[in-house]
Amino acid sequence: VPRTRILATGGASHNKKILQVLSDVFNAPVYTISTTNSACLGSAYRAIHGLVAEKNVSFADVMKLAPEPRLAVTPTAGAEEVSR
């Protein structure tokens, strides 16, 4: 799917080999964010969205407040051929 990307968080997001496997399997770049308790962070953004929902603010607009993820790895050239 064009513009697909993976956002990896948690302990495994610090392991480049795991991220590379994800990138190769899904043929998509993998991004990470420098934050702890990423599940709590996602819940917080959903809560903000709930608070502003009456004002017709989209979740995409709320997520503009989130820190910008950084590119960790990209798919290895030819990796999609291996999975066929």
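- If you look the chain up in an unreviewed UniProt entry, it shows as XYLB kinase from Chloroceryle aenea.
- Quoted verbatim from the Sequence similarities (unreviewed entry) field of UniProt, the annotation for the chain is "Belongs to the FGGY kinase family."

### Overview of the overall build of the chain
Then, number 1: Summing up its helical and strand segments, the chain has four helices and three strands in all.
Then, number 2: When its helices and strands are written in sequence order, the chain yields β-α-β-α-α-β-α.
Then, number 3: Its C-alpha radius of gyration of 15 Å places the chain more than 25% over the 12 Å reference for a compact globule of 84 residues.
Then, number 4: Across the 84 residues of the chain, 23% fall into the buried class.
Then, number 5: Sequence separation of at least 24 residues holds for 62% of the intrachain contacts in the chain that already meet a minimum separation of 6.
Then, number 6: Split by element, the accessible area of the chain, about 6,300 Å² in all, is 58% carbon and sulfur.
Then, number 7: Where the 9 positive side-chain charges of the chain centre and where its 6 negative ones centre are 5 Å apart.

### What about the pattern of salt bridges?
Then, number 1: Scanning the entire structure with this criterion turns up one salt bridge.
Then, number 2: With a closest N to O distance of 3.2 Å, Lys64 and Asp61 form a salt bridge.

### Examining the sheet that holds strand 1 (residues 6-8)
Then, number 1: Spatially, 1-2-3 is the arrangement adopted by the three strands of the open sheet, whose pairing is mixed. Looking at strand neighbours, the two that pair on one side only are strand 1 and strand 3 (70-73), the edges of this open sheet. With strand direction ignored, the average angle separating the axes of adjacent strands in the sheet is 45 degrees.
Then, number 2: In this structure, strand 2 (residues 30-32) lies alongside strand 3, joined through three bridges in antiparallel fashion. Each residue of the ladder has a partner; that of Thr32, found in strand 3, is Arg70.
Then, number 3: The strands touched by helix 1 (residues 16-26) within the sheet are strand 1, strand 2 and strand 3, with strand 3 carrying the most contacts at an inclination of about 85 degrees.

### Looking at the domain arrangement of the chain
Then, number 1: Here the chain is described as being made up of domain 1 (1-33 + 69-83) and domain 2 (36-67).
Then, number 2: If you average the C-alpha positions of domain 1 and of domain 2, the two centres end up 24 Å apart.

### Considering helix 1
Then, number 1: Here helix 1 has its buried residues at Leu19, Ser23 and Asp24. For helix 1, the arc enclosing every buried residue in end-on projection is 135 degrees, short of the 170-degree limit, so these residues lie on one face. Across from the buried face of helix 1, at angles greater than 90 degrees, the exposed residues are Lys17, Val21, Val25 and Phe26.
Then, number 2: You can read the cap of helix 1 off the contacts: a side-chain oxygen lies 2.9 Å from the backbone nitrogen of Lys17, and it is on Asn15.
Then, number 3: Looking one or two residues past helix 1, Asn27 carries a phi angle of roughly 50 degrees, positive in sign.

So, how was this worked out
Residues numbered from 1 in each chain as written. Predicted model: local features only at pLDDT ≥ 70, side-chain atom pairs only at ≥ 80, totals over all residues. Heavy atoms only, no water. UniProt positions renumbered as here; feature names shortened; annotations may be inferred. Helix = DSSP H or I, 4+ residues; strand = E, 2+ residues; numbered from the N terminus. Rg over C-alpha atoms; globule rule 2.2 N^0.38 Å. Buried < 20%, exposed > 50% of the residue type's maximum accessible area, 1.4 Å probe, protein only. Contact = heavy atoms within 4.5 Å. Areas by Shrake-Rupley, 256 points an atom, 1.4 Å probe, with all protein chains shown as cover. Lys, Arg positive; Asp, Glu negative; His and termini not counted. Charge placed at Lys NZ, Arg CZ, Asp CG, Glu CD. Salt bridge = Lys/Arg side-chain N within 4 Å of Asp/Glu carboxyl O. Pairing = 2+ DSSP bridges. Axes fitted to C-alpha atoms, helices over the stretch in contact; angles between N-to-C directions. Domains from an automatic or database assignment. Arc of directions from axis to C-beta. Polar contact = N/O pair within 3.5 Å; in protein donor to acceptor, adjacent residues only side chain to side chain.

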